[in-house]
Amino acid sequence: MKPLRIALTKGRLEKDTVALLEKIGYDCSAIREKGRRLILPVGNHEFEAVLAKAADVVTYVEHGVCDLGVVGKDTILENGNSFYEILDLGFGRCRFALAGPKGKPFYGGYSIRTIASKYPNVARAFFEGKGMDVQVIKIEGSVELAPLLGLADAIVDLVETGATLRENGLEVIETVCPISARLIANTASLKLRKREIEALAARMEQAKGDGI
Ligand code: PRP
């Protein structure tokens, strides 16, 4: 049978994902020394790993070209969920928060607030849940700039240490929800290769409990 193919989010989650795979006994030297190769063997060719941008991990798993994926809950909330989320991996912990200029009240008044975010769907859903009408502007990176430049009243963004907010005179107004990395599975793969996928997920869950 073909090896299971797993899409890994490159960047922030990469190190912890590799550490977890190694902890459960898979040789990840091909990922560690990847050079420019894009499809990498894991262990004794038990898996093939693909390193991709977070949103592409979701796309590959939804379309079934990857059986499994490791991706942040932030990307899942923003980019739909036509797949199974099978495990909270416990790393990549941070939170979605509404943040704005320090000391400036956000709620109150009647004017429609403008919110900048890399996650417009998450931002819209958050305010819809409050029954509050807002204008959402999509920004691709360094969202903290938007209120500093006067483009937005506040942002909905990921906060990890809070350093970026602090260093730019911003503060959390409200936490939206906690975030961490998740193991996701293609719906057909989970039916056809249930045993293999569940065995891997169980080993990951056990290793994660012991601390990576
Ligand atoms: C993320 C996020 C914040 C920052 C939060 O950005 O969008 O800007 O990290 O981390 P902190 O609370 O520890 O300061 P990232 O570095 O991924 O870059 P980006 O803004 O260009 O997307």
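What counts and how
Residues numbered from 1 in each chain as written. Predicted model: local features only at pLDDT ≥ 70, side-chain atom pairs only at ≥ 80, totals over all residues. Heavy atoms only, no water. Phe/Tyr/Trp six-rings, centres within 6.5 Å; stacked < 30°, edge-to-face > 60°. Helix = DSSP H or I, 4+ residues; strand = E, 2+ residues; numbered from the N terminus. Buried < 20%, exposed > 50% of the residue type's maximum accessible area, 1.4 Å probe, protein only. Lys NZ or Arg CZ within 6 Å of the ring centre and 35° of its normal. Contact = heavy atoms within 4.5 Å. Polar contact = N/O pair within 3.5 Å; in protein donor to acceptor, adjacent residues only side chain to side chain. Arc of directions from axis to C-beta. Near = heavy atom within 4 Å. 1 Å grid on protein atoms, 1.4 Å probe; cavity = no way out; pocket = protein on both sides within 12 Å on 5 of 7 lines; lining within 4 Å. Sits in = over half its atoms within 2 Å of the grid points. Lys, Arg positive; Asp, Glu negative; His and termini not counted. Salt bridge = Lys/Arg side-chain N within 4 Å of Asp/Glu carboxyl O. Pairing = 2+ DSSP bridges. Axes fitted to C-alpha atoms, helices over the stretch in contact; angles between N-to-C directions.

## Thoughts on the packing of aromatic side chains
The description of an aromatic ring pair uses the distance of the two centres, along with the angle that the planes make with each other. In the structure shown here, the tally under the stated rule is five aromatic pairs. Measuring from centroid to centroid gives 4.9 Å for Tyr26 and Phe47, while their planes differ by 65°, and the two rings are edge-to-face. Of this pair, Tyr26 sits in the loop between α1 (14-23) and α2 (29-32) while Phe47 sits in strand β3 (residues 47-52); the two residues are 21 residues apart in sequence, bridging distant segments of the chain. Here the two residues Tyr26 and Phe47 agree in accessibility, since each one is buried. With a centroid separation of 5.0 Å and 80° between ring planes, the pair formed by Phe106 and Tyr107 is classed as edge-to-face. On the basis of relative accessibility, which here comes to 6%, the residue Phe106 falls in the buried class. The exposure class of Tyr107 is partly exposed, given its relative accessible area of 34%. Cluster of aromatic residues (ring-pair linked, three or more members): Phe106, Tyr107, Phe126 and Phe127. Just above the ring of Phe106 sits the side chain of Arg113; from NZ or CZ to the centre is 5.7 Å.

## Looking at the environment of Lys73
Residue position: Lys73 is located in helix α4 (residues 73-78). Sequence-wise, Lys73 and Cys177 are 104 residues apart; in three dimensions their C-alpha atoms are separated by 9.8 Å. Those residues within four positions of Lys73 in sequence are excluded, and the remaining contacts are Glu85, Ile179, Ser180 and Arg182. A distance of 2.9 Å separates polar atoms of two side chains, one belonging to Lys73 and the other to Glu85.

## Comments concerning α1
Turning to α1, its buried residues are Glu14, Thr17, Val18, Leu20 and Leu21. Buried residues along α1 cover an arc of 160° about the axis, so they all sit on one side. One or two residues past the end of α1 sits Gly25, with phi positive at roughly 105°.

## What to know about the site of the ligand
Near the ligand there are 13 residues, and of these Arg12, Lys118, Glu144, Thr161 and Thr164 occur at the shortest range. Between Glu144 and the ligand, the recorded distance is 2.6 Å, taken from a side-chain N or O atom to an oxygen atom. Using a 2 Å cut-off from the grid points, one finds that the ligand occupies the largest pocket. Mapped onto the shell around the ligand, the elements with two or more residues apiece are β9 (154-159) and α7 (163-166). Among the elements that take part in the shell around the ligand, β9 stands out by supplying three residues, more than any other.

## Quick word on the side chain of Asp157
If you trace the backbone, Asp157 turns up in strand β9. Although Asp157 lies buried, it forms no salt bridge, and the closest oppositely charged side chain, Lys118, sits 4.8 Å away as judged by the N-O distance. Those residues in contact with Asp157 that lie beyond four places of it in its chain are Arg95, Phe96, Ala97, Lys118, Tyr119, Val143 and Glu144.

## Details of the environment of Ser29
Among the structural elements, Ser29 can be located in helix α2. When the C-alpha atoms of Ser29 and Val42 are compared, they prove to be 7.8 Å apart, with 13 residues separating the residues in sequence. One polar contact links Ser29 to Asp27, side chain to side chain, over a distance of 2.8 Å.

## Re the sheet that holds strand β2 (residues 39-42)
Spatial ordering of the open sheet is given by β2-β3-β1-β4-β11-β5, a layout of six strands whose pairing is mixed. Two strands bound the open sheet, and with one partner strand each, they are β2 and β5 (84-88). Strand-to-strand, the axes of this sheet are offset by a mean angle of 30°, without reference to chain direction. Lying over the sheet, helix α3 (residues 54-62) contacts β1 (4-9), β3, β4 (68-72) and β11 (181-185), oriented at roughly 150° with respect to β4.

## Some words on the pairing of β9
Within β9, five of the six residues are buried, which leaves it mostly tucked inside the rest of the structure. Sheet topology places strand β6 (residues 94-101) next to β9; five bridges connect them, and they run antiparallel. Considered in β9, the bridge of Leu98 is made with Val156. Two elements, strand β7 (residues 113-117) and β9, share three bridges in a ladder whose sense is parallel. Looking at the pairing, Ile115 lines up with Ala154 of β9.

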